[in-house]
Amino acid sequence: MTQHPLDPLTATELKSVVATLRRDRGLDHRHLMAMVQLEEPAKERVLSWQAGEPVDRAARATVWNRATATVSEAVVTVNGEVLEWKDIPGALSPVLGPEADDALAAAKADPRVIQALAARGIASPDDVHMETWPFGAQIPAGLDDGRRLIWTPMWHRPQPGANVYAHPIGGLRAIVDLDNAEVVAVENEPGIPIPATPAPYRLDETGGGVKLRELSITQPEGASFTVDGSAINWERWRFRIGFCQREGLVIHDVRFDDEGTERRIAHRMSIAELVIPYGDPSPGAYRKNAFDTGEFGLGNYTNSLALGCDCLGEIVYMDAAVVDGDGNVREIPNAICLHEEDFGILWKHTDELGHVEVRRGRRFVASSIVTVNNYEYGYFWYFYQDGSIEFEAKLTGIVLTLAAEPGQEYPSSTEIEPGLLAPYHQHIFCARLDLDVDGTENSVVEVDAVAHPIGPENPHGAAYVTRETPLDVESAAQRLIDPMANRYWKVINPHRTNHVAQPVGYKLVPGHTTYPMAHRESVIGQRAGFMYSHLWVTPNAPDEKYPAGDYPFQAEGGAGLPAWTSANRSLEDTDVVLWYVFGTNHIPRTEDWPVMPVERAGFHLKPVGFFRRSPGIDVAPSAAVHCH
Ligand code: NI
């Protein structure tokens, strides 16, 4: 295995980084490790790097000093050198595991909580599941002095293994200061019955009686891809797998072998933020506007995947490692799944003589799944034989629940069992796509299909044209989808033309998405201002990675894309980054209960004038085996 500048930090490297910081900066029990991520070398350095050259491996570490309430960022080499140390004024650390554990222990030991539970017929707080939710910026008056706070929705566990989300404890929440694990308030509105209908989903409860015959995926000659360290080589694709504890799965340095010439398509692609605005105004829901990436570190919650269950076929797993808040390095075995899938017909034609040509298509899948409290998110990157790339988020798990107050109306929730409510909400993702189409200097163009009025330009009324609008500055590049105009955006290389003298490009094609229902002037609208355009384009800047800013925890908003783009920088013939916002509007159904069948949202990247013909045309036919 050869090490590459973009390889994810190994457990050994992470341990070295933590040890270096403790030694050189005198870190002790007051300091928590908020985030440790690969400090990616500059693009030019990565592109000029030759295999076998020494690699300057370094991490960017975010340290939270509980005593002084200060965030500091350090750049630390894996060889024991602190290259940089700076404080970040105004920043607050995301919620860290040890703090969450301490906060929950404090809430469960609080006499007011114990008494309020007893009044609801719950004898022991051990039978209660509590979670730590950030406040966003909606902190109760009197507590808004800059402290880091969480609040704790609660659910009853009537017996071990019960689905707790069937039994929300309405009207009871502890508010805890994260930095000293002190319960600073208990909100208690008695009189709300705990919903009683159980929601079993475990196999020993449901029996799993609906059965089909076995479907086995076998690849008797083995997989068609190779993995060298984090480099993937499949079909004509070459790319690298990255991982960090904030974003989770990252794709680097995507290239395609076009009839013997390796061509660059993307430098770095990730899901840079995920925010879930809740649309129910009741006390148990309106604060639930978590930034799962920026306030928790999505990668921290990565599942260990199981062959035959999460993934089928010839699988290669990659492990990952993260630093927990206390500085311990935790390894996540089988964090990333790499495999191929049959994907139906790639292309087919039966000609006038009856001659048939058909090719089955296959896709390469790089995926990982996280569990954040009640919800699961799968991140799936697909690479296809026609030169296209797809991202698909798979949303599953258990919807968040509230207990209905007798006599209240809940127009923003679905009643899924008597007295059990699932509030309306949206899952809004933001992909950060640093595309490099045949090189770093690119431009972005919006393409609409337009029908002129009936007249000289459209004599029969059925003609239509494409209208291309260059998105030449940041203010012009904040765009919405327009399905009625078949709108897409293409990243072109103005210096490289194809065989018909058109600039080569890749287009971003919207898939299932949504638009925020929260008003812009609402708290969440301010904090997640990036939601209000489906597309943003910025010139690549290494310190512009997260669309709601680096530190969204309790931040009032305005950071990230809205702030950066106010400079209105030029986007012409430069190293552009596309930010694509997509997601789902989740009006829960009774059929989403007790565990939601997978919902999907995502987008495609497709070559447009990049290849001289379909790259799928050279694909060999598959042998007709195992067909009856
Ligand atoms: Ni949902």
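Residues numbered from 1 in each chain as written. Predicted model: local features only at pLDDT ≥ 70, side-chain atom pairs only at ≥ 80, totals over all residues. Heavy atoms only, no water.

*Asks:* I'd love a proper account of the overall build of the protein chain, names of residues and values included.
*Replies:* Across its full length, the protein chain carries 8 helices and 31 strands. Relative to the compact-globule value of 25 Å for 628 residues, the protein chain shows a C-alpha radius of gyration of 26 Å, a close match. Expressed as lengths along the three principal axes of its C-alpha atoms, the size of the protein chain is roughly 80 × 60 × 60 Å. By the burial criterion, 54% of the 628 residues in the protein chain qualify as buried. For the protein chain, contacts bridging at least 24 residues in sequence account for 66% of all contacts bridging at least 6. Total accessible area computed for the protein chain in this model is approximately 27100 Å², and 51% of it derives from carbon and sulfur atoms. Counting 54 positive and 86 negative side-chain charges, the protein chain places the centres of these two groups 2 Å from one another. (Helix = DSSP H or I, 4+ residues; strand = E, 2+ residues; numbered from the N terminus. Rg over C-alpha atoms; globule rule 2.2 N^0.38 Å. Buried < 20%, exposed > 50% of the residue type's maximum accessible area, 1.4 Å probe, protein only. Contact = heavy atoms within 4.5 Å. Areas by Shrake-Rupley, 256 points an atom, 1.4 Å probe, with all protein chains shown as cover. Lys, Arg positive; Asp, Glu negative; His and termini not counted. Charge placed at Lys NZ, Arg CZ, Asp CG, Glu CD.)

*Asks:* So what about the packing of aromatic side chains? Which residues, and what values?
*Replies:* What the rule picks out here adds up to 31 aromatic pairs. Here Phe391 and Phe582 contribute two aromatic rings whose centre-to-centre distance is 5.9 Å and whose plane-to-plane angle is 65 degrees, an arrangement assigned as edge-to-face. Of this pair, Phe391 sits in strand E20 (residues 389-397) while Phe582 sits in strand E30 (residues 576-586); the two residues are 191 residues apart in sequence, bridging distant segments of the chain. Here Phe391 matches Phe582 in class, with each residue buried. Put simply, the rings of Phe225, Trp234, Trp237, Phe239, Phe256, Phe364, Phe383, Tyr506, Phe610 and Phe611 pair up and form one aromatic cluster. Note that Lys394 overlies the ring of Phe380, its terminal NZ or CZ placed 3.9 Å from the centroid. (Phe/Tyr/Trp six-rings, centres within 6.5 Å; stacked < 30°, edge-to-face > 60°. Lys NZ or Arg CZ within 6 Å of the ring centre and 35° of its normal.)

*Asks:* If you had to explain the sheet that holds strand E19 (residues 375-384) to someone new, which residues and values would you point to?
*Replies:* Across the sheet, 10 strands lie side by side as E16-E17-E18-E19-E20-E31-E28-E27-E25-E26; this open sheet has antiparallel pairing. Two strands lie at the open edges of the sheet, namely strand E16 (316-323) and strand E26 (465-470), each paired on one side alone. Each neighbouring strand pair of the sheet contributes to a mean axis angle of 25 degrees, computed without reference to strand direction. Of the strand pairs in this sheet, strand E18 (residues 356-372) and E19 are connected by 10 bridges, and their pairing is antiparallel. (Pairing = 2+ DSSP bridges. Axes fitted to C-alpha atoms, helices over the stretch in contact; angles between N-to-C directions.)

*Asks:* Report on the side chain of Asn300, specifying residues and quantitative values.
*Replies:* Along the polypeptide, Asn300 turns up in the loop between helix H6 (292-296) and E16. Within the structure, Asn300 has its side chain in polar contact with the backbone oxygen of Phe296 (distance 3.1 Å). Dropping the residues within four chain positions of it, Asn300 is found in contact with Gln245, Val322, Val323 and Arg330. (Polar contact = N/O pair within 3.5 Å; in protein donor to acceptor, adjacent residues only side chain to side chain.)

*Asks:* So, the pattern of salt bridges: which residues are in play, and what are the values?
*Replies:* For the structure shown, the criterion picks out 50 salt bridges. Ionic pairing is found between Asp7 and Arg240, a salt bridge with its closest N-O pair at 3.1 Å. Highlighted residues: Asp7 in the segment before helix H1 (11-25) and Arg240 in strand E13 (residues 237-244), separated in sequence by 233 residues. For the pair Asp7 and Arg240, one class covers both residues: buried. A cluster of three or more residues bridged by salt bridges with shared partners is formed by Glu446, Asp448, Arg467, Arg479, Asp482 and Arg487. (Salt bridge = Lys/Arg side-chain N within 4 Å of Asp/Glu carboxyl O.)

*Asks:* Report on the domain arrangement of the protein chain, specifying residues and quantitative values.
*Replies:* Domain annotation for the protein chain reports domain 1 (11-87), domain 2 (97-206) and domain 3 (225-618). Summarising the inter-unit geometry, the C-alpha centres of domain 1 and domain 3 are found 28 Å apart. Across the contact, 17 residues belong to domain 1 and 26 residues belong to domain 3. Summing the contributions of domain 1 and of domain 3, the shared interface buries around 1700 Å²; its carbon and sulfur component is 57%. Considering only the surface of domain 1 that becomes buried against domain 3, Met35, Glu40 and Lys43 emerge as the three largest contributors, covering 33% of it. The interface formed by domain 1 and domain 3 includes 4 salt bridges. (Domains from an automatic or database assignment. Buried area = accessible area lost by both parts, 1.4 Å probe.)

*Asks:* For a nonpolar patch on the surface, give the residues involved together with the corresponding values.
*Replies:* A cluster of nonpolar side chains, contributed by Leu215, Ile217 and Leu312, occupies part of the molecular surface with about 300 Å² of accessible area. Looking at the element boundaries, Leu215 is found in the loop between helix H5 (203-206) and strand E11 (225-228). (Patch = residues over 30% accessible without salt bridge, like charges linked within 9 Å, V, L, I, M, F, W, Y side chains within 5 Å.)

*Asks:* Could you give me a rundown of H1, with the residues and numbers involved?
*Replies:* With 15 residues, H1 extends 21 Å from end C-alpha to end C-alpha; this agrees with the ideal 21 Å at 1.5 Å per step. Against strand E1 (31-38), strand E2 (58-65), strand E3 (70-77), strand E4 (82-88), E16 and strand E17 (329-350) lie the buried residues of H1. Gly26 occupies a position one or two residues after H1 and carries a positive phi of about 65 degrees. (Expected span 1.5 Å × (residues − 1).)

*Asks:* Let's hear about helix H3 (residues 97-109): which residues, and what values?
*Replies:* Across its 13 residues, H3 extends 18 Å between first and last C-alpha, which sits within 8% of the 18 Å expected from 1.5 Å per residue. When we look at burial in H3, the residues that qualify are Glu99, Ala100, Ala103, Leu104, Ala106 and Ala107. One face of H3 carries all of its buried residues, which in axial projection span an arc of 160 degrees. In H3, the exposed positions that point more than 90 degrees away from the buried face belong to Asp101 and Ala109. (Arc of directions from axis to C-beta.)

*Asks:* Go over the side chain of Asn65 with me, naming the residues and quoting the values.
*Replies:* With respect to the element layout, Asn65 can be found in strand E2. At 3.2 Å, the side chain of Asn65 and the side chain of Thr68 are in polar contact. Residues contacting Asn65, with those up to four places away along its chain left out, are Arg30, His31 and Thr70.

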